[in-house]
Amino acid sequence: MDKSKKVYMYAYLFSFLVFSGLFVMFVYNKISNDKLKERKENAKINNMISSWNYKEAIDSIEQWGDKKLDRDAKLKLLSAYLNYWNYFHKEDENSKKAIEILDTMADDYSKFYYYGYALEIIKDYTGALDNYNKWLEITSLTDSQKSLFKNQIWHVYDLKWEFDKVLAFYDEAYKLDNNNDNALSNLGRYYARIKEYEKAKQYFEKALLISTNLPLKSEICFWLSSIELEINWLTPDIDKSIEYARKAIEFYPEYAMWHLALARWLYMKNNEVNNKEIEENIKKAIDLNPNSYYTYELSAMHEYDKWNMDEFLNNLQKAEALIATDMILMDNQRETEKIVVNYKYFVFNEIQKNKKDKEKVIAFLNNVIASNMWKSLLKQQIQRFNNGIFGFIWEDKRLKDIINKLNK
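Now for a description of the structure that goes with this document. (Residues numbered from 1 in each chain as written. Predicted model: local features only at pLDDT ≥ 70, side-chain atom pairs only at ≥ 80, totals over all residues. Heavy atoms only, no water.)

## Comments concerning the overall build of the chain
Then, in step 1: In terms of helices and strands, the chain carries 20 helices and 0 strands.
Then, in step 2: Across the 408 residues that make up the chain, the buried fraction comes to 47%.
Then, in step 3: For the chain, the share of sequence-separated contacts (at least 6 apart) that also reach a separation of at least 24 residues comes to 57%.
Then, in step 4: Summed over its atoms, the accessible surface of the chain is roughly 21800 Å², and 52% of this surface lies on carbon and sulfur atoms. (Helix = DSSP H or I, 4+ residues; strand = E, 2+ residues; numbered from the N terminus. Buried < 20%, exposed > 50% of the residue type's maximum accessible area, 1.4 Å probe, protein only. Contact = heavy atoms within 4.5 Å. Areas by Shrake-Rupley, 256 points an atom, 1.4 Å probe, with all protein chains shown as cover.)

Put into structure tokens, the structure is as follows:
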């Protein structure tokens, strides 16, 4: 082989080796960068889910297009779909999407959990219980996992309004894992419902102390803010309720219910100095969830305080119109709430018409005291500073007699 051919061959070999090396480095860097990008995407999505930014998480995962989702990605998407319903009321749409994904997955612990949850959302309580009970057939479950299952089984009975079965499952969930913050908060809700407020407060405070879940801590603060109004009910610590409501917003500011709670507790201060903040929080609640009937009901009561009677009526009408689609309400609550809204208009309007005639007002209150709806409305007003809309007759002994009847 002559010299020129050898030089050419060595040059070709050298170029090939350099190109091969560069190609290997390119492929290696590409794989490394793809893995780094995937880790960053996963971390970003995990952060979205943990901070309740479910819509962003859904959009991000769905943008992967036809890319086959692995099990971890599917679980993230399921969590986003179902929790987005839970807090932002995307009911049928997200449940159906979740079930389509679940039908592609093998039976395991996570599938039973999410399938049960998806069925809860569309009110298939029998199907949900079947899935949750399948969990308990898994022999390798830890006590913490069993605690989670018992808690969810309780949740279905709670949704079915079978309250006689609720406590047993809550209690079992707590005994299996006394650091189960969900079981603790659910026990708190159970005891609050049966008006054992001091006991409820103990469970909520423990849950708040041990939980690292900011959305749950936010919800617990909301419950604590409500309980403060039930302890010493004639002289509640409204400032303490406001403090807890502010903490709920601090833990998670993008949930309408917390802003609504703060507006309501500020309303109870019965001081026009709070008007601006009340209205700001009502507006924020409407922006976050425009389908909440109670937001407009509270707005109506606030407008009544300012003697804006047209706005009072307008907001009550909006509240009534939204009851049918407000996903926070159980089906068997809707008709009752329509009656409450109309009854509130009747009572407030009657008080306004006869405000200068105490005799008529007292006679009216005595006539309606037998109604449970009236008792609830009366209680809400007398808990307010200076007794709300009844402040002008608070010193009348006959009103005290009416209040005494309230406790019988």
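## Regarding the packing of helix H14 (residues 275-288) against helix H15 (residues 293-305)
What describes two packed helices is the angle between their axes and the distance between those same axes.
Then, in step 1: The interhelical angle for the contact between H14 and H15, taken along N-to-C directions, is 160 degrees, at an axis separation of 10 Å. By the angle class used here, H14 and H15 are roughly antiparallel. Viewed along their axes, H14 and H15 form a crossing whose handedness is left-handed. Across from Asn275, Ile278, Glu279, Ile282, Ala285 and Ile286 in H14, the residues of H15 making contact are Thr295, Tyr296, Leu298, Ser299 and His302.
Then, in step 2: Of the residues assigned to the contact of H14 with H15, the class counts are 6 nonpolar, 4 polar and 1 charged. (Axes fitted to C-alpha atoms, helices over the stretch in contact; angles between N-to-C directions. Parallel < 35°, antiparallel > 145°, perpendicular 65-115°, else oblique. Left-handed = near helix turned anticlockwise from the far one by under 90°. Nonpolar A, V, L, I, M, F, W, Y, C, P; charged D, E, K, R; others polar.)

## Side note on unusual backbone geometry
Then, in step 1: Non-glycine residue Lys195 carries a positive phi angle of around 70 degrees.
Then, in step 2: With respect to the helices and strands, Lys195 occurs in the loop between helix H9 (181-193) and helix H10 (197-210).
Then, in step 3: For Lys195, a relative accessible area of 62% translates into the label exposed.
Then, in step 4: The phi dihedral of Trp307 is positive, around 60 degrees, even though this residue is not glycine.
Then, in step 5: Judged by its relative accessible area of 39%, Trp307 falls in the partly exposed class.

## A few points about the packing of aromatic side chains
Then, in step 1: With the rule as written, the count across this model stands at 14 aromatic pairs.
Then, in step 2: Of note, Arg384 hangs over the ring of Tyr267, and the distance from its end group to the ring centre comes to 3.6 Å. (Phe/Tyr/Trp six-rings, centres within 6.5 Å; stacked < 30°, edge-to-face > 60°. Lys NZ or Arg CZ within 6 Å of the ring centre and 35° of its normal.)

## Observations concerning the nonpolar core
Then, in step 1: Formed by 76 residues in total, the largest nonpolar core has its most connected members in Leu298, Ile351, Leu365, Trp374, Phe390 and Leu399.
Then, in step 2: Residue contributions to this core peak at 10 residues, all from helix H13 (residues 256-268).
Then, in step 3: With 31 residues, the next largest nonpolar core counts Ala98, Tyr132, Leu141 and Phe149 among its residues. (Core = buried A, V, L, I, M, F, W, Y, C linked by side-chain atoms within 4.5 Å.)

## Looking at the packing of H9 against helix H11 (residues 214-227)
Then, in step 1: Their axes nearest at 11 Å, the elements H9 and H11 cross at an angle of 20 degrees. Accordingly, the angle class assigned to the pair H9 and H11 is roughly parallel. The chirality of how H9 crosses H11 is left-handed. Listed contacts from H11 to Asp181, Asn182, Ser185, Arg189 and Ala192 of H9 are Leu216, Ile220, Trp223 and Ile227.
Then, in step 2: Among the residues making up the contact of H9 with H11, the classes are represented as 5 nonpolar, 2 polar and 2 charged.

## Observations regarding H10
Then, in step 1: A rise of 1.5 Å per residue sets the reference length of H10, with its 14 residues, at 20 Å; its end C-alpha atoms lie 20 Å apart and thus fit the reference within 8%.
Then, in step 2: Regarding H10, the residues found buried are Tyr197, Ala200, Lys201, Tyr203, Phe204, Ala207 and Leu208. Projected onto a plane normal to the axis of H10, the buried residues spread over an arc of 165 degrees and lie on a single side. Facing away from the buried surface of H10 by more than 90 degrees, the exposed residues are Gln202 and Leu209. (Expected span 1.5 Å × (residues − 1). Arc of directions from axis to C-beta.)

## As for the side chain of Asn274
Then, in step 1: Here Asn274 is to be found in the loop between H13 and H14.
Then, in step 2: In this structure Asn274 touches Leu266 and Lys269, once residues within four positions along its chain are discounted.

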